[in-house]
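# Analysis of the macromolecular model
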Amino acid sequence: DAKTTQPPSMDCAEGRAANLPCNHSTISGNEYVYWYRQIHSQGPQYIIHGLKNNETNEMASLIITEDRKSSTLILPHATLRDTAVYYCIVRAAGGTSYGKLTFGQGTILTVHP
Amino acid sequence: NAGVTQTPKFQVLKTGQSMTLQCAQDMNHEYMSWYRQDPGMGLRLIHYSVGAGITDQGEVPNGYNVSRSTTEDFPLRLLSAAPSQTSVYFCASSYRQDNSPLHFGNGTRLTVT
């Protein structure tokens, strides 16, 4: 699976959009981009995933560049409860790898009042 | 649905003791796995199972045993606990298909003295 690079930490004001970048320059054609987050002392929580197209759900939006070498997770109206570690993960489709996620260090997002 | 339930939440063991960390899910997920999380190391895969009766090793399997006799349960056994196994343990499950997101439990915090 391709390696990802994320900034170690970011700040955001409550009510503003939080834009979390992820670099995955070695991504290959069959690899998906997943985002999870981990709120202090809880288990990781799935947020969103995508392959080529931009995706949106009730939690967030995922913007993937046309060359697929980077992506941005957007939390449109951040709240204090969005303070967490956010993980960007790249994983290939197919085979038996569906559950094998490689977690890096992630980005610590702090939402300020 | 209760989702993924892990018990106990906290446990203290002495070196050499054995114990079983319990994990149960009620989502009829075929795939289940165990991760450990240590400071500065991210989450690392210990063992996983793609269905009842089938288990395989992950990245850090030494010192741990698993079995999968039912779809719902995936216990993790420490046969002879060591201080290096002090960690937070997370169980996760998903459908056995591409792009099915992993659902995590809230973890068991284990201390081995």
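Notes on the structure in this doc start here. (Residues numbered from 1 in each chain as written. Chains lettered and ligands numbered in written order. Predicted model: local features only at pLDDT ≥ 70, side-chain atom pairs only at ≥ 80, totals over all residues. Heavy atoms only, no water.)

## Thoughts on the overall build of chain B
This is how it is decided: Each helix is a run of DSSP H or I of at least 4 residues and each strand a run of E of at least 2, with the numbering of both proceeding from the N terminus. Two things to know: the radius of gyration comes from C-alpha atoms, and the globule rule equals 2.2 Å times the number of residues to the power 0.38. Here's how the labels work: a residue is buried when its accessible area is under 20% of the maximum for its type, exposed when over 50%, partly exposed in between, all with a 1.4 Å probe on protein chains only. When checking whether two residues touch, look at their non-hydrogen atoms; a contact exists if any pair is within 4.5 Å. In short, Shrake-Rupley with a 1.4 Å probe defines the accessible areas, and a residue's cover is counted only from the protein chains shown. In this tally, Lys and Arg are treated as positive and Asp and Glu as negative; His is ignored, and so are the chain termini. Throughout, a charge is located at the NZ atom of Lys, the CZ atom of Arg, the CG atom of Asp or the CD atom of Glu.
Regarding its fold elements, chain B presents zero helices and eleven strands. N-terminal to C-terminal, the α/β element order of chain B is β-β-β-β-β-β-β-β-β-β-β. In terms of C-alpha radius of gyration, chain B reaches 13 Å, essentially the compact-globule figure of 13 Å for 113 residues. In terms of its C-alpha atoms, chain B occupies a principal-axis envelope of roughly 40 × 30 × 25 Å. When the 113 residues of chain B are sorted by exposure, 50% land in the buried category. Within chain B, residue pairs in contact and separated by at least 24 positions form 54% of the contacts whose partners lie at least 6 positions apart. When the accessible area of chain B is evaluated, it comes to approximately 5100 Å², of which 49% is carbon and sulfur surface. Taken together, the 8 basic and 8 acidic charged side chains of chain B have centroids lying 11 Å from each other.

## Digging into the interface of chain B and chain A
What counts, and what does not: The quantity reported as buried area is the accessible area (1.4 Å probe) lost by two parts once they are put together, taken as the sum for both. Each salt bridge in this description consists of a side-chain nitrogen of Lys or Arg and a carboxyl oxygen of Asp or Glu lying within 4 Å of one another. Throughout this description, a polar contact denotes any pair of N or O atoms lying within 3.5 Å of each other; where both atoms belong to protein, one of them has to be capable of donating a hydrogen while the other can accept it, and for residues adjacent in sequence the pair is counted only when both atoms sit in side chains.
Taken together, the 21 residues of chain B in the interface contact 21 residues of chain A. The largest contributions to the chain B side of the interface with chain A come from B:Leu43, B:Asp98 and B:Asn99, which together make up 29% of the buried area. Across the contact surface, chain B and chain A share zero salt bridges. Connecting chain B to chain A are four residue pairs in polar contact (both at pLDDT 80 or more). Counting only elements with at least two residues in the side of chain B that touches chain A, the list comes to strand S4 (31–38) and strand S5 (42–51) of chain B.

The values are spatial; any link to function lies outside them.
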